[in-house]
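This is what each chain is made of:
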Amino acid sequence: MGVTETVVREAELDLTIAAVDDVSEGVVAIDLVSPDGGELPSWTPGAHVDLLLGDDLVRQYSLSSDPADRTRWRIAVLLTPDSRGGSKRIHEMRAGDPVRVRGPRNHFVLAAAPAYEFVAGGIGITPILPMIAEAEASGARWRLHYGGRTRTSMAFVDELARYGDKVTLVPQDELGHLDLATILGAPSPETLVYCCGPTPLLDAVESTCSTWPSGALHLERFTAQEVDTSGDQPFTVVFQRSGIEAVVPADRSIFAVARDHDVTVLGSCLEGICGTCETEVLEGDVDHRDSVLDDDERESNEVMMICVSRCRGSRLVLDL
Amino acid sequence: MTSTARSGRRSTVDFPLGSWYAVAASEAVGRQPVAARVLDRRVVVYRDSRGGPVALEDRCCHSSYPLSLGRVEGDDIRCGYSGFVYGPDGKVVSVPTQEQVPVGAAVTAYPTKEQGGFVWIWPGVAGRAALRDLPPLPWLASPDWVTFGGSWVTRAHASLLQDNFADITHITHLDPVAAPPVLASQPPPITVTVSEMTVTFGRTYPAAPLQAWQAEVLEVPVDSEHEQREEGAFLAPGLWVDRWDIEVKDQGDRDGTKTLYFTHAITPVDDRSTAHAWRVSRNFAPSPAATGTMEPLLRDYYLKVRGALETIQDVVDTDGPRRDVTVRADAAKVAVRKIMRRLAAEDGARPA
């Protein structure tokens, strides 16, 4: 009997930019369609895709359109002054340009609940848009607190108008920062909190929600968390399905070691934010360093992101 | 997020309520109410006066008598014990003993969809159903395709059926007659493609002689060599589709891509039994004789699968769950489990 080789990859699509619209100061919305007009893969609120913009230039953007519209995806991109190249490249794109897209995938899943508090900061509104549409459709109680630098910098304000007073706009130059202590001050057992925005907002929401029930807060980071790697030690990793045992040196990732041994692993951002390399843990104590898993998921020790996370002990056994 | 890794997954892979599940074949649903059980819920299905499917909780809110034992009147259904009448939205519209309908009296109404010759229901939060489509299954409805199939209940957890469909390597061992002969010597590599909601896995077989039954229905010489391509797809927790293309060459008029679709609707009944409806569709050899050749072979194969899964379930029930060893070829199975975990999280399941 011969050996069956198995190759795993994420879905990749060559799409066409159908439209580029200025939606607010510094933000463009990009519509992506299949060149043959065909249906795009299905996705759910909170999902994001990778745009493959060139060698080593891969960026994640949340889908902000209607999941029921299978002919079109919309992303929105803020031109950042300290851009690492992604947003600048996208702001130069025009209708008709081709773009290669990987995904979608979703690590910011909108769990069913009777009530939600949505908190968005700036361009962090993008995954929240399809979420509130779903919350509305499911008959849940919800509110959106949307902060931005100035009113003109805040994208999709027109689209939000139809929700009336469920949406509170907080332009910083007029009203100051989002008043998180008031918004999230009193934990409510049936309410889930979904937040996306710049790191300081995410950190503030996380700290304000410390008194909320475990599992109530869901947030999505698009910037990797700072991790002190100075004390990293080597450890042993076992890729159980492949029948391979290897040492992960202090200065290399499990992901890199898996690749060295021709173990098929999926990866994209390689900095713990996209969730592509999520792997089941069979044995061992994980040192989680990603920005994807919440505290409950970390404590369950069932899965890990092998691009950044390591081992607290001397040995990890993974389902690879 | 529900536990799958630590506690022995045989009994712990949760099927999400927020998904579409086939509840009955279209032709089985009419003006007579039909009873079904989906994810441990009693469901009654019938057609309203315009032929649209209605699915309600199958338990009168007054008497606990199954509505499926009552009768359909117009768009409504009357309980055969209490006489309570329910509208297609599940609300009580009249009761026999008083004018006033008790406030809030209702049973759950499930969103329905009719596609591919099945009636599907959405047991989750109703408002979400409209935002989630079910992939089209045109081969099951189009006159260009000939379809046969069957359905039964497998006494095994639905995740065992999933594992079976995600693994295209076991066919060699379970049913050498159905398996391409080339598998025994040089199995081609499997390519697994993962997206947020779907997993596909396929392989391309080099030109080689076909299985005897394939050569027979395609009317090609048994020793003629043809390329084949197999692609399986997890499209939803309750829907799997395998596609099989055979490239017929050097046979004159009969040349071209001959395609078979194997559609499987799997619906968890409870955590020990699963409704399995299978359909085999083809765009070639439309004769009843070809169906007569293929049908017993495939029925026999799927019955073998059912027997194997029931045996596995017996072992797990007798000796307790245990985590199975996986191999590299299980990549599709692992990817499907990952999506299932995600969908369970979406259902709102929280760690205990």
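Residues numbered from 1 in each chain as written. Chains lettered and ligands numbered in written order. Predicted model: local features only at pLDDT ≥ 70, side-chain atom pairs only at ≥ 80, totals over all residues. Heavy atoms only, no water.

As recorded in an unreviewed UniProt entry, chain B goes by the name Putative Rieske (2Fe-2S) protein, listed as coming from Nostocoides japonicum T1-X7.

As recorded in an unreviewed UniProt entry, chain A goes by the name Phenoxybenzoate dioxygenase subunit beta, listed as coming from Nostocoides japonicum T1-X7. Recorded in UniProt under Cofactor (unreviewed entry), the annotation for chain A is "FAD". (UniProt positions renumbered as here; feature names shortened; annotations may be inferred.)

(A) Summary view of the sheet that holds strand 6 (residues 73-78) of chain A. Residue and element names in this part refer to chain A. Taken together, the six strands give an open sheet; going across it, the order is 5-4-7-2-3-6, and neighbouring strands pair in antiparallel fashion. Of all strands in the sheet, those bounded by a partner on one side alone are strand 5 (57-62) and strand 6. Adjacent strand axes in the sheet meet at a mean angle of 40°, parallel and antiparallel pairs treated alike. Pairing analysis gives five bridges linking strand 2 (residues 12-24) to strand 7 (residues 98-105), with the strands arranged antiparallel. The residue of strand 7 that forms the bridge with E12 is R102. (Pairing = 2+ DSSP bridges. Helix = DSSP H or I, 4+ residues; strand = E, 2+ residues; numbered from the N terminus. Axes fitted to C-alpha atoms, helices over the stretch in contact; angles between N-to-C directions.)

(B) Representation of the nonpolar core within the structure. Residue and element names in this part refer to chain B. Grouped together as the largest cluster of nonpolar side chains are 63 residues, with contacts concentrated most on V192, V199 and V280. Residue assignment places this core across two domains, with domain 1 (30-110) and domain 2 (138-346) each supplying three or more. Contact partners of V199, with chain neighbours within four places excluded, come to V192, T193, G232, A233, F234, A332, A335, V336 and I339. (Core = buried A, V, L, I, M, F, W, Y, C linked by side-chain atoms within 4.5 Å. Buried < 20%, exposed > 50% of the residue type's maximum accessible area, 1.4 Å probe, protein only. Domains from an automatic or database assignment. Contact = heavy atoms within 4.5 Å.)

(C) Structural context of the packing of aromatic side chains. For the coordinates displayed, the defined rule picks out 19 aromatic pairs over all chains. Ring centres of F118(A) and Y194(A) lie 6.1 Å apart, and the angle between their planes is 40°; on these two criteria the pair is classed as tilted. Here F118(A), found in strand 8 (residues 115-121), pairs with Y194(A), found in strand 11 (residues 191-196); they are 76 residues apart in sequence, far enough to count as distant. As far as burial versus exposure is concerned, F118(A) and Y194(A) are alike and both buried. Seen in terms of ring centroids, Y65(B) and Y81(B) are 5.6 Å apart; in terms of plane orientation they differ by 35°. Their pairing is tilted. Of this pair, Y65(B) sits in the loop between strand 4 (53-57) and strand 5 (71-73) while Y81(B) sits in the loop between strand 6 (76-78) and strand 7 (85-86), and the two are 16 residues apart along the sequence. (Phe/Tyr/Trp six-rings, centres within 6.5 Å; stacked < 30°, edge-to-face > 60°.)

(D) Quick peek at the domain arrangement of chain B. Residues and elements named next belong to chain B. What the domain assignment lists for chain B is domain 1 (30-110) and domain 2 (138-346). Placing a centre on the C-alpha atoms of domain 1 and another on those of domain 2 gives a separation of 37 Å. Domain 1 puts four residues into the contact, and the matching count from domain 2 is four residues. Carbon and sulfur atoms supply 60% of the area that domain 1 and domain 2 bury against each other, a total of about 340 Å² over both sides. Three residues, R37, L39 and D40, lead the burial of domain 1 against domain 2; their summed loss comes to 84% of the area buried on that side. Viewed at the interface, domain 2 and domain 1 are joined by zero salt bridges. For the pair domain 1 and domain 2, the number of links is two residue pairs in polar contact (both at pLDDT 80 or more). Across the side of domain 1 that touches domain 2, the residue classes tally to two nonpolar, no polar and two charged. (Buried area = accessible area lost by both parts, 1.4 Å probe. Salt bridge = Lys/Arg side-chain N within 4 Å of Asp/Glu carboxyl O. Polar contact = N/O pair within 3.5 Å; in protein donor to acceptor, adjacent residues only side chain to side chain. Nonpolar A, V, L, I, M, F, W, Y, C, P; charged D, E, K, R; others polar.)

(E) Representation of the sheet that holds strand 8 (residues 92-94) of chain B. All names here are of chain B. With antiparallel pairing, the four strands of this open sheet are ordered in space as 5-6-7-8. Unpaired on one side and paired on the other, strand 5 and strand 8 mark the two borders of the sheet. The sheet contact formed by strand 5 and strand 6 spans three bridges and is antiparallel. Directly across from R71, in strand 6, lies its bridge partner R78.

(F) Structural view of the interface of chain A and chain B. Listed per partner, the contact involves 51 residues of chain A and 45 residues of chain B. Around 4,300 Å² of area is buried between chain A and chain B when both sides are counted, 50% of it from carbon and sulfur atoms. The largest per-residue losses of area from chain A upon contact with chain B belong to R241(A), E280(A) and E302(A), which jointly make up 15% of the total buried on that side. Scanning the region where chain A abuts chain B turns up five salt bridges. Between E134(A) and R132(B) there is a salt bridge, with its nearest N and O atoms 3.0 Å apart. Of all the elements in the fold, those that place two or more residues in the side of chain A that touches chain B are strand 1 (6-10), strand 7, helix 2 (125-137), strand 15 (278-283) and helix 8 (295-300) of chain A. Each residue belonging to the side of chain A that touches chain B can be placed in one class, and the counts come to 23 nonpolar, 14 polar and 14 charged. Where strand 1 of chain A and strand 13 (residues 190-194) of chain B come together, five bridges link them in parallel fashion. Following the sheet pairing, T6(A) is matched in strand 13 of chain B by I190(B).

(G) Seen up close, the UniProt feature "domain: Rieske" (unreviewed entry) in chain B. When the UniProt feature table is mapped onto this chain, "domain: Rieske" (unreviewed entry) is found at residues 20-121 of chain B. Between the end C-alpha atoms of residues 20-121 of chain B the distance is 5 Å, and the span holds 0% helix and 42% strand.

(H) Seen up close, the domain arrangement of chain A. All names here are of chain A. Entries for chain A in the domain assignment read domain 1 (12-105), domain 2 (115-220) and domain 3 (235-318). Put simply, the middle of domain 1 and the middle of domain 2, counted by C-alpha atoms, are 23 Å apart. Surface buried jointly by domain 1 and domain 2 totals about 1,200 Å² across both partners, of which 58% is contributed by carbon and sulfur atoms. Counting across the interface, domain 1 meets domain 2 through one salt bridge. Between R74 and E159 there is a salt bridge whose closest N-O contact spans 2.7 Å. Residue assignment for the side of domain 1 that touches domain 2 shows that the elements contributing at least two residues are strand 2, strand 3 (27-33) and strand 6. Sorting elements by how many residues they give to the side of domain 1 that touches domain 2 places strand 6 first, with four residues.

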